Amino acid sequence: MNEKLPLIAIVGRPNVGKSTIFNRLTGTRRSIVTDESGITRDRIYGNATYEGRSFEVVDTGGMVPDDKAAIPREILRQAQIAIEAASQIVLVVDARAGLTPLDAELARLLRRTGKPLAIAANKVDTQMQESLAAPFYGLSNEVYSVSAEHGYGIDAMLEVIVPRLAPETSVEVTPETPGQVNVAIIGRPNVGKSTLLNRMAGVERSIVSAEPGTTRDSVDAEVSHGERSYRFVDTAGIRRKGKTKLVAEKLSVVMARRALEHADVALLVVDASTGVTAGDANIAGYAEKSGCSVIIVMNKWDLAIQAAAEKAEREVANVAIRGQHVVKARNPKHSSKVRKKAPTGKVDPVQLLFEYERMVRTRFKFLDYAPVVFLSAMTGERTGKLFELIGRVTDARRHRVTTGELNRWLSEVDLDRGTSPAARKVKIYYMTQASSSPPTFVVFTNQGKRLHFSYERFLENQLRKTFDFTGSPIRFLQRLKEKRERGH
């Protein structure tokens with residue numbers, strides 16, 4: 001965006017159709033829509049235009065002002081942030097359910113803001129049903145009968161509220177800033193993805209809770225750092241198919257994997273305090289297959305160090321107890337051995353980091369090209385250099401090698417070292433880079449069949465030694481070099 005757009009905040013109690021209206025206005029399917037209530041929790045932003053005027057729309061979670069539970073309380077706080085920034089508020093109600101006490105309470109609270117308030121009486125599908133909206137005129141003089149699902153009445157509402165948002169000259173909006181880096185934050189539930197998004201964005205864009213599965217929609221934030229523009233997407237925690245039961249949870253996983261497909265870089269967040277799990281490896285596989293670059297983020301490093309220190313203290317205590325038993329047994333020879341091997345109770349953070357990285361590399365063997373960072377999103381420890389690393393990985397992903405450079409490199413590589421089970425010896429005539437993001441190379445050989453994966457692996461390793469493709473997967477396409485007939 002070239003300048004800040006006026007904002008319409010869509011608010012209301014749970015399950016009245018706010019997300020459907022958001023998707024209708026923005027022409028997207030950004031917000032998850034199901035019959036389950038309480039799906040939207042974070043603020044979801046999108047751009048929209050109406051008759052040449054551009055504006056921004058924010059979808060909020062269902063508001064329940066008197067609910068003291070952690071998640072509803074955070075949803076209310078997120079909605080209040082959206083309302084404060086809004087130029088226009090649209091309160092969505094369910095016309096078929098009639099006027100409820102919660103609708104009346106929300107309208108009263110919204111009127112106190114002093115901002116223009118329109119009521120969208122949703123689920124009015126035809127003109128014959130417009131009488132269903134009559135009870136809501138007691139809340140506001142501006143009531144619109146609409147059907148978010150079918151589009152009925154939406155234009156009539158926009159025709160009134162949009163002109164008072166912006167001047168005649170519209171702001172040009174592009175869905176993606178040229179050169180913008182799309183970064184997907186992925187991982188299992190409750191590993192700190194939302195905390196990391198908030199840390200990178202510098203604002204609280206995602207709800208952070210100890211309850212797993214808090215994030216349902218994909219929440220994004222645009223951030224400028226140095227000369228680069230980044231679009232961070234906080235995705236829902238990905239679990240195995242057998243573990244997802246709710247329809248919304250299944251949709252969340254689908255949207256998370258879709259975010260990977262559109263990402264330049266994926267931040268694979270792992271809980272360092274619990275170590276790498278099979279679930280982490282499964283998600284890493286999704287990232288590798290999607291073709292995006294990967295950075296492995298070992299989050300909660302402060303808790304990992306704390307856990308290691310507590311373990312060391314327990315070992316000291318256990319050795320002391322064993323030593324007392326040895327003394328009682330009057331075995332001085334054994335006692336000296338115990339003292340010699342006794343742990344100090346101190347943890348060397350550098351040594352611990354080295355051991356952790358070795359463990360991570362063992363569990364993520366297929367991501368040996370991905371850099372590993374250890375940080376704490378909660379405290380901000382070691383997060384400062386993450387932007388620099390994302391930039392480096394992005395540059396490597398977009399790097400192109402000329403055909404001349406490639407073939408000079410090819411002439412210097414001992415190709416006979418590459419192993420292949422094929423009976424016929426592989427001969428590579430030349431190579432060229434077909435595309436970047438991810439780097440894809442066309443290999444012209446003497447074989448029609450695809451190169452064995454071990455030979456591709458050999459080529460990849462040799463490429464990485466010469467050219468910087470840090471964090472990026474490398475793809476190969478094979479072509480059979482056709483022989484020309486003599487005389488032609």
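How each quantity is defined
Residues numbered from 1 in each chain as written. Predicted model: local features only at pLDDT ≥ 70, side-chain atom pairs only at ≥ 80, totals over all residues. Heavy atoms only, no water. Helix = DSSP H or I, 4+ residues; strand = E, 2+ residues; numbered from the N terminus. Contact = heavy atoms within 4.5 Å. Areas by Shrake-Rupley, 256 points an atom, 1.4 Å probe, with all protein chains shown as cover. Pairing = 2+ DSSP bridges. Axes fitted to C-alpha atoms, helices over the stretch in contact; angles between N-to-C directions. Core = buried A, V, L, I, M, F, W, Y, C linked by side-chain atoms within 4.5 Å. Buried < 20%, exposed > 50% of the residue type's maximum accessible area, 1.4 Å probe, protein only. Polar contact = N/O pair within 3.5 Å; in protein donor to acceptor, adjacent residues only side chain to side chain. Salt bridge = Lys/Arg side-chain N within 4 Å of Asp/Glu carboxyl O. Phe/Tyr/Trp six-rings, centres within 6.5 Å; stacked < 30°, edge-to-face > 60°. Expected span 1.5 Å × (residues − 1). pLDDT = per-residue confidence, 0-100.

## A word on the overall build of the protein chain
For the protein chain, the count of helices and strands is 13 helices and 15 strands. When contacts within the protein chain are restricted to residue pairs at least 6 apart in sequence, long-range pairs at least 24 apart make up 71% of them. Accessible surface computed for the protein chain: about 25,000 Å², of which carbon and sulfur atoms make up 51%.

## Description of the sheet that holds strand β3 (residues 53-59)
In space, the six strands of this open sheet follow the order β2-β3-β1-β4-β5-β6, with mixed pairing throughout. Whereas interior strands pair on both sides, the edge strands pair on one side only; in this sheet they are β2 (44-50) and β6 (143-145). Strand-to-strand twist in this sheet, taken as the mean axis angle between neighbours without regard to direction, amounts to 25 degrees. Both strand β4 (residues 88-94) and strand β5 (residues 117-122) contribute to a ladder of six bridges, which runs parallel. Paired with Val 93 across the two strands is Ala 121, which belongs to β5. Sitting on the sheet, helix α4 (residues 154-161) is in contact with β1 (7-11), β2, β3, β4, β5 and β6, with an inclination near 155 degrees to β6.

## What about the sheet that holds strand β13 (residues 428-435)?
Within a sheet, adjacent strands bond to each other through the backbone by hydrogen bonds, running parallel or antiparallel. With mixed pairing, the three strands of this open sheet are ordered in space as β13-β14-β15. Either end of the sheet is taken by a strand with one partner, and the two such strands are β13 and β15 (475-480). Here the average twist between neighbouring strands, direction ignored, is 25 degrees. Here β13 pairs with strand β14 (residues 440-445) via six bridges, running antiparallel. Bridge pairing links Met 431 to Val 443 in β14.

## Some points on the nonpolar core
Note that soluble globular proteins tend to have their nonpolar side chains buried in a common cluster. With 30 residues, the main nonpolar core has Leu 268, Ile 296, Met 298 and Phe 364 as its most contacted residues. Every element with two or more residues in this core is listed here: β7 (181-187), β10 (265-271), α7 (278-290), β11 (293-299), α8 (301-328), α10 (349-363) and β12 (372-374). Apart from residues lying up to four places away in sequence, Phe 364 is in contact with Leu 268, Val 270, Val 276, Asp 280, Ala 281, Ala 284 and Ile 296.

## Here we look at the side chain of Asp 234
Within the secondary structure, Asp 234 sits in strand β9 (residues 228-234). Among the polar contacts listed, one links the side chain of Asp 234 to the side chain of Ser 194, at a separation of 2.6 Å.

## Details of the pattern of salt bridges
Taken as a whole and judged by the stated rule, the model has 14 salt bridges. Between Lys 123 and Asp 94 there is a salt bridge, with the nearest N and O atoms lying 3.0 Å from each other. With Lys 123 in the loop between β5 and β6 and Asp 94 in strand β4, this pair connects stretches of sequence that are 29 residues apart. Connected through salt bridges with shared partners, the residues Asp 264, Arg 397 and Arg 398 form a single ionic network.

## Things to note about the pairing of β1
Burial of β1 is extensive: five of the five residues sit out of reach of the surface. Relative to β3, β1 runs parallel, the two being bridged by four bridges. Looking across to β3, one finds that Ala 9 is bridged to Val 58. Taken together, the four bridges between β1 and β4 define a ladder with parallel strand orientation. Counterpart to Ile 10 in the pairing with β4 is Val 90.

## Concerning the packing of aromatic side chains
By convention here, two paired aromatic rings are described through the distance between centres and the angle between planes. This structure, assessed with the given rule, holds eleven aromatic pairs. Chaining the aromatic ring pairs together yields one cluster made of Tyr 230, Phe 232 and Phe 387.

## Describing unusual backbone geometry
Omega for the peptide link from Ser 437 to Pro 438 comes to 0 degrees, which places this bond in the cis form. Along the chain, Pro 438 falls in the loop between β13 and β14.

## A closer look at the pairing of β7
Counting buried positions along β7 gives seven out of seven residues, so the element sits mostly inside the fold. What you see with β7 is no split at all: Val 181, Val 183, Ile 185 and Gly 187 on one side and Asn 182, Ala 184 and Ile 186 on the other are buried throughout. Of the strand pairs in this sheet, β7 and β9 are connected by five bridges, and their pairing is parallel. By the bridge assignment, Asn 182 is partnered in β9 with Arg 231. Bridge count for β7 against β10 is five bridges, and the pairing is parallel. Across the sheet, residue Ile 185 finds its bridge partner in β10, namely Leu 267.

## Some thoughts on α7
In this model, α7 (13 residues) spans 19 Å end to end at C-alpha, consistent with the 18 Å of a helix rising 1.5 Å per residue. Listed in full, the buried residues belonging to α7 are Asp 280, Ile 283, Ala 284, Gly 285, Tyr 286 and Ala 287. Immediately beyond the C-terminal end of α7, within one or two residues, lies Gly 291, with a positive phi of roughly 90 degrees.

## What to know about the confidence of the model for the protein chain
Low pLDDT means the predicted atomic positions in that stretch should not be read closely. Overall, the predicted model of the protein chain reaches an average pLDDT of 79, with 74% of residues at or above 70. Note that pLDDT drops below 50 for residues 31-41; the model gives that stretch 53 contacts with residues more than four away or on any other chain. Note that pLDDT drops below 50 for residues 206-217; the model gives that stretch 51 contacts with residues more than four away or on any other chain.

## Looking at the environment of Cys 292
Mapped onto the elements, Cys 292 comes out in the loop between α7 and β11. For Cys 292, a relative accessible area of 1% gives the class buried. Sequence separation of Cys 292 and Val 265 is 27 residues, and the distance between their C-alpha atoms is 5.4 Å. If sequence neighbours within four positions are ignored, Cys 292 has contacts with Leu 260, Ala 263, Asp 264, Ala 266, Ala 287, Arg 397 and Pro 473.

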